[in-house]
Each structure stands twice: as structure tokens, then as C-alpha cells.
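Descriptive analysis of the structure
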Amino acid sequence: MSYTTYQYIVWPWIAVGAVWMIAALASKPAVRREPTASRLLHIAVIAVVFALPFWAKLSVGPLAWRFVPDSPAIAWSGLAFTAAGCAFAIWARLLLGGNWSSSVTVKQDHTLIRRGPYAIVRHPIYAGFLLALLGTALALGELRGLAALALAFAGWHVKSRQEEAFMAAQFGDQYTAYQREVKALVPFVL
């Protein structure tokens, strides 16, 4: 990846971090929370996910192999996917408001959001992050980017299933109908 693309690829991710830190101040209290061990495992997985593409020391052995040509067009396309994915996740995060939590929870006065990005996929924050990680992987062009994407997909798939169980217990038939009508992570597919 060219230095210029790398310089820009971090900005959408920085925007995500800023929005998350500010919006977290308005989170509602939790009334039910996932076990601590589950939460710690998720944190560890996500730490590895973001270390892979952004820590240059991990560009070794097979992780450094290119899976796309080193091309400005591919790098800039990757940046566009990263920006679009981050924007989608931010939109979802802002719409979720006080219902959001970094861990799997049910919040006090939890409401089921079905509009905006939640009408497209049930887990639009994860979907947006996956698109952004795909873009980051393309811009980077190395297998470590794809490894990060695969690990993130696995981690968020497991976490989304935990969230589904919490939401089904909280909202019953209303959530079951939502599951039938809207795919979880990839519109019309998965």
C-alpha cells in the first residue's frame, strides 16, 4: 500500500473511535450482561483483528504475501470501501443510541431498532466494520488483511449469535419476525 493510502486509511477508523467514545457517554444501564470470560475473549479477538493490518511488524512470512497487485486503483478502492463501511457502522451506532454496549447486554428500557441500517441487516455495525476491514485488506494488499477480515467475521458471527439470543428473550415474537425478514450480516445473503 502506498504511504498516501495508508495515511488516509486510518482516518475512517479514527472517526469510528471518536464517535464510539463520545456516544458511549449516553449508554443506558445494563440489566443483563454476557459473562466476563465471553467479553474478554471478544476483546482479545478484536485486538488481534486490528493489530494485523495496522502493526507493520506483523508483515512477515505468509502474512506479508500479496493477494492483490500493488496498484493505486486497488488501494484507493480499498479506501473507499473502508470509508463506506465505517460510515455505515457510525450511522448504525448513532441510531442505536443508548441501547448500544460494547458487550452483549440488554439495556434498561431497551428498544428494538428496525429502521435505517437495521432495516438492511440486523447487525449493521458488524456489517459496516466487515466492509471497512475488506477495504483495509484491499488497500494493504497483504494476506494479513484477509486474516484480520476472516477473524473478525468469525468473532462477530459468534457475538451476533449471543446478541440474537438476548434479543429473542427480550422481544419474543417481535424479534423472531425481524429475524425472518432481515438478514444478519450480509443483505439478502446471510
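In what follows, the accompanying structure is described. (Residues numbered from 1 in each chain as written. Predicted model: local features only at pLDDT ≥ 70, side-chain atom pairs only at ≥ 80, totals over all residues. Heavy atoms only, no water.)

In this section: the packing of helix 3 (residues 72-96) against helix 4 (residues 124-140). For any two helices packed against each other, the geometry is given by the interaxial angle and the distance between the axes. At a minimum axis distance of 7 Å, the contact between helix 3 and helix 4 shows a crossing angle of 165 degrees. Classed by the angle they form, the pair helix 3 and helix 4 counts as roughly antiparallel. Handedness of the helix 3/helix 4 crossing: left-handed. Class assignment of the residues belonging to the contact of helix 3 with helix 4 gives a composition of 18 nonpolar, 6 polar and 1 charged. (Axes fitted to C-alpha atoms, helices over the stretch in contact; angles between N-to-C directions. Helix = DSSP H or I, 4+ residues; strand = E, 2+ residues; numbered from the N terminus. Parallel < 35°, antiparallel > 145°, perpendicular 65-115°, else oblique. Left-handed = near helix turned anticlockwise from the far one by under 90°. Nonpolar A, V, L, I, M, F, W, Y, C, P; charged D, E, K, R; others polar.)

Attention shifts here to the side chain of His123. Locating His123 in the fold gives a position in the loop between strand 2 (105-107) and helix 4. Here Glu164 takes part through its side chain, which lies 2.5 Å from a polar atom of the side chain of His123. Look past the residues within four positions of His123 in its chain and what remains in contact with it is Ser160, Glu163, Glu164, Tyr175, Ala184 and Leu185. (Polar contact = N/O pair within 3.5 Å; in protein donor to acceptor, adjacent residues only side chain to side chain. Contact = heavy atoms within 4.5 Å.)

Our focus in this paragraph is helix 3. When the terminal C-alpha atoms of helix 3 are compared, their 36 Å separation across 25 residues agrees well with the 36 Å that a helix rising 1.5 Å per residue should span. Buried residues of helix 3: Ala75, Gly78, Leu79, Thr82, Gly85, Cys86, Phe88, Ala89, Ile90, Ala92, Arg93 and Leu96, and no others. N-cap assignment for helix 3: the residue whose side-chain oxygen lies 3.2 Å from the backbone N of Ala73 is Ser71. Looking at the residues trailing helix 3, positive phi occurs at Gly97, about 55 degrees. (Expected span 1.5 Å × (residues − 1). Buried < 20%, exposed > 50% of the residue type's maximum accessible area, 1.4 Å probe, protein only.)

A separate point is the side chain of Thr105. Position of Thr105 relative to the elements: it lies in strand 2. Overall, the relative accessible area of 6% leaves Thr105 in the buried class. Among all residues touching Thr105, those that are not within four sequence positions of it are Ala30, Arg32, Arg33, His110, Phe166 and Met167.

This next bit is on the nonpolar core. In terms of nonpolar packing, the biggest core is built from 36 residues, with Trp20, Val49, Tyr118, Ile125, Phe129, Leu133 and Trp156 touching the most fellow members. Those elements giving two or more residues to this core turn out to be helix 1 (3-23), helix 2 (36-54), helix 3, helix 4, helix 5 (143-171) and helix 6 (173-181). Ranked by residues supplied to this core, first place goes to helix 5 with 7 residues. (Core = buried A, V, L, I, M, F, W, Y, C linked by side-chain atoms within 4.5 Å.)

Here the focus is the environment of Ala64. Tracing the sequence through the fold places Ala64 in the loop between helix 2 and helix 3. Relative accessible area serves as the criterion here: at 26%, Ala64 is assigned to the partly exposed category. Separated by 76 residues in sequence, Ala64 and Leu140 place their C-alpha atoms 9.7 Å apart. For Ala64, the contacting residues outside a window of four places in its chain are Ser59 and Glu142.

This brings us to the environment of Ser59. Along the polypeptide, Ser59 turns up in the loop between helix 2 and helix 3. C-alpha of Ser59 to C-alpha of Ile22: the two residues are 37 residues apart in sequence and 33 Å apart in space. Filtering out sequence-adjacent residues up to four positions away, Ser59 remains in contact with Ala64, Glu142 and Arg144.

Bringing the pattern of salt bridges into the picture now. What the rule picks out here adds up to 3 salt bridges. Close ionic contact of Arg114 with Glu181 constitutes a salt bridge, the shortest N to O distance being 2.3 Å. Taken as a pair, Arg114 in the loop between strand 2 and helix 4 and Glu181 in helix 6 lie far apart in primary sequence, 67 residues in all. (Salt bridge = Lys/Arg side-chain N within 4 Å of Asp/Glu carboxyl O.)

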